Amino acid sequence: MAHCTTLSSENDFLQLIHKHFPNSHERMLIGRGDDCAQLRGQDSIVMTTDIFLENVHFRRSYFSPADIGHKALAVNISDIAGMGCRPTGFSLGLIVPDEHSGSFMQAAEWDEFFQAMSALAAEHNLPLTGGDLSLGPCLGISITIWGEPGESGRVLTRQSCSPGDVLFVCGDLGLPRAGLLALEELGPEARKLYPGAVNAHLRPLPRIADGLQLAEIPGVHGAMDISDGLARDLPRFIGPACGADLNISAGEIPKDVRTYTQDNGLNPLHFTLLGGEDYALLGAASPDALDALKTHLPHHTVIGTVTATTALSLNGEPLDLTGFDHFATHE
Ligand SMILES: Nc1ncnc2c1ncn2[C@@H]1O[C@H](COP(=O)(O)OP(=O)(O)O)[C@@H](O)[C@H]1O
Ligand SMILES: Cc1ncc(C[n+]2csc(CCOP(=O)(O)OP(=O)(O)O)c2C)c(N)n1
Ligand SMILES: [Mg+2]
């Protein structure tokens, strides 16, 4: 199989997967190869699924196979980070593009794909417990991932903040959106002009350590990972009973976002809030938890406060922006 340029059977895929992902792990009693894996039980687990689909979430023209393998897993790990938990395993559904689809991947490209995915899995000590394979019209990855709470036993949820809480983010907003738009316009050449933005779009890093730290601070009232942009995700986070006054200064906007919006005549602040695929963590904390936040997560940025009215404002003006929605018509 090693010298073949194409993977031509399910067995070829499974062998390649075995090459990259160990099939034994302390938490896996039965690994890949049976009808199910058997995993060691935990008191409670958090579990989530995210799909990563060609031409919806990524394009082959500017994502390398390694970028795709990395990001498909990273976006899933990020949901576990959003709960303040630690990931403990994942299952991989693969839709493999057929030879006539124009999306076909050679064996060497699959090798790069699994290499990058397994490197990220190894960083987080994640066994691949199984999955499924199907031929299809384009490349698609559906990952189910699970995890457990950290030391405190706390799981951070949406809609658990109250008026007066401080809103904060860990991570950059808007940067992956600048990367996406630049890549869509310029292809891989975009990296020369906006290297930070392109890297943020292709290789997001899930913030597991931050989430676990947040769960240890009792005054932190919930968290989530921002995948559809702050404008869309903030209302989901604060819930229907509250609003928020946001205060974000131009100085807090990442450099490549400032350059990209300047080059394209766009409003940098609105662009930052529209975002999308930021994979930053959004959290709320009572004001008396701010010292602990500063000590344990010095890189966090305060972006506003939760209010008792349902309105949203940005720097004193009403905020009327909506982020990403798969079913909305896009301009
Ligand atoms: N096909 C589905 N079947 C059941 N539940 C779903 C489905 N799609 C999404 N959900 C649930 O709806 C909620 C919101 O989903 P989503 O916006 O994708 O969350 P996230 O941004 O964290 O990935 C989640 O709790 C998710 O599990
Ligand atoms: C080719 C292409 N078009 C558009 C986008 C933008 N985009 C696709 S999905 C998405 C939001 C995040 O994905 P979603 O499936 O909503 O993740 P979830 O909220 O479920 O975590 C964005 C901003 C993209 N990444 N690539
Ligand atoms: Mg999702």
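Residues numbered from 1 in each chain as written. Chains lettered and ligands numbered in written order. Predicted model: local features only at pLDDT ≥ 70, side-chain atom pairs only at ≥ 80, totals over all residues. Heavy atoms only, no water.

- In the nomenclature of an unreviewed UniProt entry, the protein chain is known as Thiamine-monophosphate kinase of Desulfobaculum bizertense DSM 18034.
- Comment text from UniProt for the protein chain, heading Sequence similarities (unreviewed entry), reads "Belongs to the thiamine-monophosphate kinase family."
- Its UniProt record gives the protein chain a comment under Function (unreviewed entry), which states: "Catalyzes the ATP-dependent phosphorylation of thiamine-monophosphate (TMP) to form thiamine-pyrophosphate (TPP), the active form of vitamin B1." (UniProt positions renumbered as here; feature names shortened; annotations may be inferred.)

## Concerning the sheet that holds strand 4 (residues 85-97)
Reasoning step 1: Strand order across the open sheet formed by four strands is 3-6-4-5, with mixed pairing between neighbours. Lying at the two open borders of the sheet, with one neighbouring strand each, are strand 3 (46-53) and strand 5 (128-136). For this sheet, the mean angle separating the axes of adjacent strands, direction not counted, is 20 degrees.
Reasoning step 2: Two strands pair when backbone bridges link them, and strand 4 and strand 6 (residues 140-149) are joined in this way by 10 bridges, in the antiparallel orientation. Counterpart to Gly89 in the pairing with strand 6 is Trp146.
Reasoning step 3: Helix 3 (residues 107-123) contacts strand 4 and strand 6 of the sheet and is inclined by roughly 170 degrees relative to strand 4. (Pairing = 2+ DSSP bridges. Helix = DSSP H or I, 4+ residues; strand = E, 2+ residues; numbered from the N terminus. Axes fitted to C-alpha atoms, helices over the stretch in contact; angles between N-to-C directions. Contact = heavy atoms within 4.5 Å.)

## Focus: the packing of helix 4 (residues 175-186) against helix 9 (residues 255-263)
Reasoning step 1: Where helix 4 meets helix 9, the closest approach of the two axes is 9 Å, and the angle between their N-to-C directions is 45 degrees. As the angle between them shows, helix 4 and helix 9 are arranged oblique. The element helix 4 and its partner helix 9 pack so that their crossing is left-handed. Facing Leu175, Ala178, Leu181, Ala182 and Glu185 of helix 4, the residues of helix 9 in contact are Asp256, Val257 and Tyr260.
Reasoning step 2: Tallied by class, residues from the contact of helix 4 with helix 9 come to six nonpolar, no polar and two charged. (Parallel < 35°, antiparallel > 145°, perpendicular 65-115°, else oblique. Left-handed = near helix turned anticlockwise from the far one by under 90°. Nonpolar A, V, L, I, M, F, W, Y, C, P; charged D, E, K, R; others polar.)

## Observations concerning the site of ligand 2
Reasoning step 1: In the vicinity of ligand 2, 14 residues are found, and the nearest of them are His57, Ser227, Asp228, Glu277 and His326.
Reasoning step 2: His57 is positioned such that a nitrogen or oxygen atom in its side chain is 2.8 Å from an oxygen atom of ligand 2.
Reasoning step 3: Here an oxygen atom of ligand 2 and a side-chain polar atom of Ser227 are 2.7 Å apart.
Reasoning step 4: Protein contact buries 84% of the 590 Å² of open area that ligand 2 shows by itself.
Reasoning step 5: Among the residues forming the shell around ligand 2, the class breakdown is three nonpolar, six polar and five charged.
Reasoning step 6: Split by domain, the residues of the shell around ligand 2 number at least three in each of domain 1 (10-29 + 40-149) and domain 2 (166-318). (Near = heavy atom within 4 Å. Polar contact = N/O pair within 3.5 Å; in protein donor to acceptor, adjacent residues only side chain to side chain. Areas by Shrake-Rupley, 256 points an atom, 1.4 Å probe, with all protein chains shown as cover. Domains from an automatic or database assignment.)

## Description of the pairing of strand 11 (residues 301-307)
Reasoning step 1: In this structure, strand 7 (residues 166-170) lies alongside strand 11, joined through four bridges in antiparallel fashion. Bridging from a neighbouring strand, Val166 pairs with Thr305 of strand 11.
Reasoning step 2: Sheet analysis places strand 9 (residues 243-246) next to strand 11, joined by four bridges and oriented antiparallel. Looking across to strand 11, one finds that Leu246 is bridged to Gly304.

## Quick notes on the UniProt feature "binding site: Mg(2+) 1" (unreviewed entry) in the protein chain
Reasoning step 1: The UniProt record annotates "binding site: Mg(2+) 1" (unreviewed entry) at Thr49, Asp50 and Asp132. Of the annotated set named above, Asp132 line the second largest pocket.
Reasoning step 2: Relative to the assigned elements, Thr49 resides in strand 3.
Reasoning step 3: Those residues within four positions of Thr49 in sequence are excluded, and the remaining contacts are Asn76, Ser142, Ile143 and Thr144.
Reasoning step 4: A distance of 2.9 Å separates the side chain of Thr49 from the side chain of Thr144, its partner in a polar contact.
Reasoning step 5: Along the chain, Asp132 falls in strand 5.
Reasoning step 6: Exposure remark for Asp132: the relative accessible area of 56% places this residue in the exposed category.
Reasoning step 7: For Asp132, the contacting residues outside a window of four places in its chain are Leu92, Gly93 and Leu94. (1 Å grid on protein atoms, 1.4 Å probe; cavity = no way out; pocket = protein on both sides within 12 Å on 5 of 7 lines; lining within 4 Å. Buried < 20%, exposed > 50% of the residue type's maximum accessible area, 1.4 Å probe, protein only.)

## A look at helix 6 (residues 195-202)
Reasoning step 1: Along helix 6, the positions that sit buried rather than exposed are Ala197, Val198, Ala200, His201 and Leu202.
Reasoning step 2: Against the buried residues of helix 6 lie helix 2 (65-82), helix 4, helix 5 (190-193) and helix 9.

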